[in-house]
Amino acid sequence: MLHYVAVTAAPPDIDELLAGMASSPELLLLAQELAPQCLGLSTGFQRLTFDGGHVLLTLCVGNLTAMLRAQQFAADSIYLTPDPADCPDRCAASNWRVWTAKALARCCRRGTTLVAPVDADHLYADLTQCGFELSTKQAGQPTDPEAAPTNISLRAQFNPRWTIKNTRNTLPARAMAVSSCAVIGAGLAGASVAASLARRGWQVQVLDQAHTPAAGASGLPVGLVVPHVSADDCVLSRLSRSGVRLMLQQARSLLRQGQDWDATGVLERRLDGPPGVPDIWHPQAAWLKPTQLVRAWLAQPGITFQGDAKVAALRQRGDEWELLDTDGGMLHRASRVVFANAGGAMALLETLQARLPALNIRVNQFPVMQGVRGQVSWAMHTGLPDETFPPFPINGAGSIVPWIPVDEDCGQNLAWFVGASYQPDSQPPAPDEKNHATNLARLHKLSPKLGQALAGKFAAGAVNAWKNTRCVTADRLPAVGPLDQVDHPGLWMCAGMGSRGLSFSMLCAELLAARWSGEPLPIDAGLARTLEARRGADCHRNRLDRSPELPVSCAP
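First, a word on what this report is: a plain description of the structure on this page. (Residues numbered from 1 in each chain as written. Predicted model: local features only at pLDDT ≥ 70, side-chain atom pairs only at ≥ 80, totals over all residues. Heavy atoms only, no water.)

**Details of the pattern of salt bridges**
Reasoning step 1: The final tally for this structure, using the stated rule, is 16 salt bridges.
Reasoning step 2: Close ionic contact of arginine 199 with glutamate 510 constitutes a salt bridge, the shortest N to O distance being 2.8 Å. Of this pair, arginine 199 sits in the loop between helix H6 (188-198) and strand E9 (203-207) while glutamate 510 sits in helix H12 (residues 501-517), and the two are 311 residues apart along the sequence.
Reasoning step 3: A residue is classified by how much of its surface remains accessible, and arginine 199, at 17% relative accessible area, is buried. (Salt bridge = Lys/Arg side-chain N within 4 Å of Asp/Glu carboxyl O. Helix = DSSP H or I, 4+ residues; strand = E, 2+ residues; numbered from the N terminus. Buried < 20%, exposed > 50% of the residue type's maximum accessible area, 1.4 Å probe, protein only.)

Structure representation (C-alpha cells):
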C-alpha cells in the first residue's frame, strides 16, 4: 500500500487542476479520477482512495503546524512544496516557524529523507536544530546531478544526534507482522474490519453465531449515509463527516448504484431547534442497503466467513488465540482477534476477565454498551401517486426513505421506509402497533403531507415491520482499539456503532487497520483517541437512556 499525506492551507480548486492538466493526457486522466472525491472538502483530515484502496491520500487542510502535530506516523520521505500564497521562491515561508520544524520531525524516523525546491535558505537553521542533516543547500547543486531534479535546493536526512523518543505518541504506530486474524461478528463492523485487513494482506476468518452475515441490526433493509451537523462542529460531527466520505467511496466501488445505493442527497429537518431554524441539504449523502455492502466486503480475497459459529470463550496458546464454542470445541485459531459482535463482546470480556486475570482486562475499562430496539415501518408503492412522495430521503427525528427498489415475487418494485423507533432493551418490548404509531408520528413531523397520505395504510395495518437491536455506547461513539496494553496487542475491539453504522464502520475499520500497520491515520490523532476502547471510566458517567432526538454534546 502507498500512503501520501498532503498538508495544505486550503482545499485544491479542482476546476483549476483540471484546466492545468488539459495539455497532458496522462495527468488529465489522474486528475479526472481525483475530481469526484474532491467534492465537499473542508478543514481537517480527508481520506481519498485510489487503485482499489491500495493508494491512499490523506488530505489535511488547515494550519501547517497544527496539521503536522495531529499526525501519528513515521514518513519515509518528505517533500516541501512552494506555498502559492507566498512568493514563488519561498517554501511555505508565511506558515513556517521553528515549531513547524519540530512538528515535522515528530513525523520522521531515522533515515527519513527531505527535499525542497527553489530557494529554501530560510529553513536551514530550523531543520538543522531539529535533527536534520542537510547535504545540499544551493539551488542547482544536488548531491547526485545525474539523478536528482535540478530545481532541488535543499536535500536532507533525519538523523538526530540524540535518541528519538515517542512519548507523545499515545497511539501505537509500529507495524505488526501480517498474519492471521479472527473477527467475531459479521455485521457492518466486522465485515468492514475484515475488508480493511484483507486489503493489507491479512488472512481473515469472520465468525458469526447466525447462519448468514448481517443477521442482526446490519440487516436493516435500507439506511442513510449522512453526516451529523452541530453548531460547534463537535467530535461526532467531525467523525461522521470523515466516515461518510469513506463509506461513499466504498459504495461507488463495490455496489450497484440505483439498486444497492444511490447518491440522492438527504434533506435534514431541524425539528429540535428553535422555530425558524433552516433545514440543511446534504449533497454528499445517500441511501444504502447494508446487507449488500456486508456481502461485498466479505467477498474480498483473503476473507472466509463461518456461520453458525457462536464464540463462547477464548484460550491462549503461545502467540495465538483459540476461539471456542459452547462445548469447548475449537472453532478457529488466529494470531489476533477483533471483537466486532456488538453487545456480545461484553459477555466474552467478562469470561476473559475471569479466566485470564494476567491480561489485566477489566470490563469497567470499556464503554457501557446497551442494546436499543428499533423498528422500521415500510410498504410497497401501491395506490398512491408518485408526487405524494418526496424525491429524496428526509431525516431529522427519524427518517423517510421514499424510493427503494426491492425484489418481490412478481419482480422488482419500489418501497418506502419510515423509522426507526428507539427503545432500550432493558425495558419490555413495545408491540409492533405502538412502534408503527411512533414512526407515523415522526413522519408527520418530517413530511406532514406524506404523513397524512400514509395514515390510512397505518390505520388499516397495511404496513410491514422490520426490527432488530443495535448496540450503543454511553457517549454515542464507537469503541475501537486494543483490549490489553502491551507492545503488540492480540485482542482488539471494534463495536458500538449504534444507529450510525453506515457512517462509522469503514472509518473505524481503517483506523484499526492503520494502527496495526503503522500507517497514517484516516483522522487526526486527537479524534482517534476519543474512540479508544479502554475509555470506560469517562463513559460510565454518562446516562444511556438519553433521548436519541436530543442533541448529543460531543465537545472534547
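**Quick look at the sheet that holds strand E11 (residues 261-262)**
Reasoning step 1: Strand order in the open sheet formed by three strands is E10-E14-E11, with antiparallel pairing between adjacent strands. Each edge of the sheet is formed by a strand with only one pairing partner; in this case those strands are strand E10 (223-225) and E11. (Pairing = 2+ DSSP bridges.)

**Regarding the side chain of aspartate 524**
Reasoning step 1: Within the secondary structure layout, aspartate 524 lies in the loop between H12 and helix H13 (525-529).
Reasoning step 2: Here aspartate 524 sits buried without a salt bridge, and the closest side chain of opposite charge, arginine 238, lies 4.7 Å off (N-O distance).
Reasoning step 3: In terms of polar contacts, aspartate 524 uses its side chain to reach the backbone amide nitrogen of leucine 527, at 2.9 Å.
Reasoning step 4: Sequence-distant contacts of aspartate 524, defined by excluding residues within four places in its chain, comprise Phe45 and Ala70. (Lys, Arg positive; Asp, Glu negative; His and termini not counted. Polar contact = N/O pair within 3.5 Å; in protein donor to acceptor, adjacent residues only side chain to side chain. Contact = heavy atoms within 4.5 Å.)

**Things to note about the packing of helix H10 (residues 432-446) against helix H11 (residues 448-459)**
Reasoning step 1: Running from amino to carboxyl end, H10 crosses H11 at an angle of 155 degrees, the nearest separation of the two axes being 6 Å. The angle between H10 and H11 places the two elements in the roughly antiparallel class. Helix-helix and strand crossings are classified by hand; for H10 and H11 the assignment is left-handed. Within the contact between the two elements, H10 uses His436, Leu440, Leu443, His444, Lys445 and Leu446 and H11 uses Pro448, Leu450, Gly451, Gln452, Leu454, Ala455 and Phe458.
Reasoning step 2: Class assignment of the residues belonging to the contact of H10 with H11 gives a composition of eight nonpolar, four polar and one charged. (Axes fitted to C-alpha atoms, helices over the stretch in contact; angles between N-to-C directions. Parallel < 35°, antiparallel > 145°, perpendicular 65-115°, else oblique. Left-handed = near helix turned anticlockwise from the far one by under 90°. Nonpolar A, V, L, I, M, F, W, Y, C, P; charged D, E, K, R; others polar.)

**Observations concerning the pairing of E9**
Reasoning step 1: Burial within E9 is extensive, with four of its five residues counted as buried.
Reasoning step 2: Bridging between E9 and strand E15 (residues 303-306) involves four bridges; their strand directions are parallel. Bridged to valine 206 within E15 is phenylalanine 305.

**Comments concerning empty space enclosed by the protein**
Reasoning step 1: In this structure the tally under the stated criterion is two cavities of 30 Å³ or more.
Reasoning step 2: Size it by volume and the largest cavity reaches roughly 60 Å³.
Reasoning step 3: Residue lining of the largest cavity: Arg47, Thr49, Gly53, Leu56, Arg199, Leu246, Gln249, Gln250, Met506 and Glu510, and that is the complete set.
Reasoning step 4: Sorting the residues of the lining of the largest cavity by element identifies strand E2 (44-50), helix H7 (235-254) and H12 as the ones contributing at least two each. (1 Å grid on protein atoms, 1.4 Å probe; cavity = no way out; pocket = protein on both sides within 12 Å on 5 of 7 lines; lining within 4 Å. Points joined across faces, edges and corners; volume = space filled by probe spheres on them.)

**Section: the environment of glycine 518**
Reasoning step 1: By secondary structure assignment, the location of glycine 518 is in the loop between H12 and H13.
Reasoning step 2: Given a relative accessible area of 21%, glycine 518 falls into the partly exposed group.
Reasoning step 3: Residues glycine 518 and phenylalanine 73, spaced 445 residues apart in sequence, show a C-alpha to C-alpha distance of 6.5 Å.

**Considerations on unusual backbone geometry**
Reasoning step 1: The linkage connecting glycine 419 with the following residue, alanine 420, adopts the cis geometry, with an omega of 0 degrees.
Reasoning step 2: Within the element layout of this structure, alanine 420 appears in the loop between strand E23 (411-419) and strand E24 (423-424).
Reasoning step 3: The phi dihedral of aspartate 51 falls on the positive side, at around 50 degrees, and the residue is not glycine.
Reasoning step 4: Looking at the element boundaries, aspartate 51 is found in the loop between E2 and strand E3 (55-61).
Reasoning step 5: Judged by its relative accessible area of 53%, aspartate 51 falls in the exposed class.
Reasoning step 6: In this structure, aspartate 233 is a non-glycine residue whose phi angle is positive, near 50 degrees.
Reasoning step 7: Topologically, aspartate 233 is positioned in the loop between E10 and H7.
Reasoning step 8: Given the relative accessible area of 29%, aspartate 233 is considered partly exposed.

**Digging into the packing of aromatic side chains**
Ring pairs (aromatic) are described by centroid distance and by the angle formed between their planes.
Reasoning step 1: The final tally for this structure, using the stated rule, is seven aromatic pairs.
Reasoning step 2: A centroid spacing of 6.0 Å and a plane angle of 40 degrees characterise the contact between tryptophan 416 and phenylalanine 458, whose relative ring orientation is tilted. On the criterion of sequence distance, the pair formed by tryptophan 416 in strand E23 and phenylalanine 458 in helix H11 is long-range, its members being 42 residues apart. Each member of the pair, tryptophan 416 as well as phenylalanine 458, is classed as buried.
Reasoning step 3: An aromatic cluster is built from Trp202, Trp492 and Trp516, whose rings are joined through pairwise contacts.
Reasoning step 4: The positively charged end of lysine 102 is found above the aromatic ring belonging to tryptophan 99, 4.3 Å away from the centroid. (Phe/Tyr/Trp six-rings, centres within 6.5 Å; stacked < 30°, edge-to-face > 60°. Lys NZ or Arg CZ within 6 Å of the ring centre and 35° of its normal.)

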